[in-house]
Each structure stands twice: as C-alpha cells, then as structure tokens.
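Structure assessment
The residues making up each chain are set out below.
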Amino acid sequence: MFSDIGALELVTLVVLAVLVFGPEKLPKVIQDVSRFVRKIREFSDSAKQDIRSELGPEFKDFEFEDLNPKTFLRKQLEGNEDLRELKELRGTFDLKKEMNDVADAVHGRETAPAPASAPAAVNGSPDLLKKQDKRDDPGAPERPPYDSDAT
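Described in the following lines is the structure provided in the data block.

Cut-offs and rules
- Residues numbered from 1 in each chain as written.
- Predicted model: local features only at pLDDT ≥ 70, side-chain atom pairs only at ≥ 80, totals over all residues.
- Heavy atoms only, no water.
- Helix = DSSP H or I, 4+ residues; strand = E, 2+ residues; numbered from the N terminus.
- Buried < 20%, exposed > 50% of the residue type's maximum accessible area, 1.4 Å probe, protein only.
- Contact = heavy atoms within 4.5 Å.
- Expected span 1.5 Å × (residues − 1).
- Salt bridge = Lys/Arg side-chain N within 4 Å of Asp/Glu carboxyl O.
- Patch = residues over 30% accessible without salt bridge, like charges linked within 9 Å, V, L, I, M, F, W, Y side chains within 5 Å.
- Areas by Shrake-Rupley, 256 points an atom, 1.4 Å probe, with all protein chains shown as cover.
- Bend = angle between axes of the 7 residues up to and from the residue.

Thoughts on the overall build of the protein chain
- Helix and strand counts for the protein chain stand at four helices and two strands.
- What you see in the protein chain, going N to C, is helices and strands ordered as α-α-α-α-β-β.
- Counting every position in the protein chain, which comprises 151 residues, the buried fraction comes to 6%.

Quick look at the environment of Val14
- Along the chain, Val14 falls in helix α1 (residues 7-55).
- Relative accessible area serves as the criterion here: at 46%, Val14 is assigned to the partly exposed category.
- Here the alpha-carbon distance between Val14 and Leu26, two residues twelve residues apart in the chain, equals 9.7 Å.

Regarding the side chain of Arg52
- Within the element layout of this structure, Arg52 appears in helix α1.
- Setting aside anything within four residues of it in sequence, one finds Arg52 in contact with Phe59, Lys60, Phe62, Glu63 and Phe64.

What about helix α4 (residues 95-107)?
- Taking 1.5 Å of rise per residue, 13 residues should cover 18 Å, and α4 covers 18 Å from first to last C-alpha, within 8% of that figure.
- In the stretch just after α4, Gly108 is the one whose phi turns positive, near 85 degrees.

Some remarks on the pattern of salt bridges
- Enumeration according to the criterion identifies three salt bridges in this entry.
- Residue Asp32 is joined to Arg35 by a salt bridge in which the shortest nitrogen-to-oxygen separation is 3.2 Å. On the criterion of helical spacing, the pair formed by Asp32 and Arg35 is a turn pair, its members being three residues apart in helix α1.
- Its relative accessible area of 32% is what places Asp32 among the partly exposed residues.

A look at a nonpolar patch on the surface
- A grouping of Ile5, Leu10, Val11, Leu13, Val14, Val15, Leu16, Val18, Leu19, Val20 and Phe21 is seen on the molecular surface, where their side chains present a nonpolar patch of about 980 Å² in accessible area.
- Take Leu16: it is sitting in helix α1.
- With relative accessibility at 47%, the residue Leu16 sits in the partly exposed group.

Topic: α1
- Between the first and last C-alpha of α1 there are merely 44 Å, a value that for 49 residues lags more than 12% behind the 72 Å anticipated at 1.5 Å per step.
- The sharpest bend along α1 comes to roughly 105 degrees, located at Gly22, with the proline Pro23 sitting one to four residues further on.
- Buried within α1 we find Gly22, Leu26 and Arg52.
- Two residues or fewer past α1, Gly56 is found with a positive phi of approximately 110 degrees.

Written out as structure tokens, the structure reads:
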C-alpha cells in the first residue's frame, strides 16, 4: 500500500503529525485511524463475499480485479495460438513511419527519391502525390499566400 513512500517522506509525515495533533493525542489518533482502516477492510471483504454468494457456485473463483478490461483481455488471450500471428503483424507495422509517409504525401514531399526516368503520369492520369512545379505551367497565375488566421 505504501511501497512508494521513502524514509524522508515517512519522517516528514511523522513530524507533521506530531505538530498537528501533539505528542499527547498522537497515540489516540493512530489507534482511531487503524481501527477505521480495519473496519473498511472488513466491510470490503464482507461485500465481496456477499457478491460471490449471490453470483452462485460457478463464480466462486471470481476476482474483482478481472473486471478491469486489461486484466480480462490478458487472461482471455493468454495461450491463444492466434496471438502469435497478431504479434508478428504488430511487429511489422511501424505506426510512426506510416504517419510520416501519410504526412509527406499530404504535404507533397516525396519519401524516397524517384528515378529520373520515372514518368510524371501513370496510365494517362497525373501523379497527385507529386507536388506540381510552377515551372511546368508558366501561364498559371500565382496563388495568394495562405492566411491561417482568416479561416
């Protein structure tokens, strides 16, 4: 429960408790807090037992941690042979590379240099991923600059 509290934090808490409650009342406060924690644990255990008894004998091994979706899926998928294929597929897919490729295509940048003999059009249609050079069409009017605040 308190595994991440270091020695310095513990000493700070003790000094703070002595300052707030005083040395006379501190033992009484510690007893009251421990009694409260014990009652909460008993209440929690009795509620778990009531739920298990209401669910019936087929749920006698039911753990409330199984209600966490990650834990549930991990238990259901453990030992599944189809997972091997899914892990292989996951290992070959690089989301960052795919997103960079899509961003480059949207912005008109090429990811790999194209050979010099590559045609500009394939099957008679223009290459939409390649950025059009203004030198290709000298009669085209110059486009106004893009104003992001105006949109």
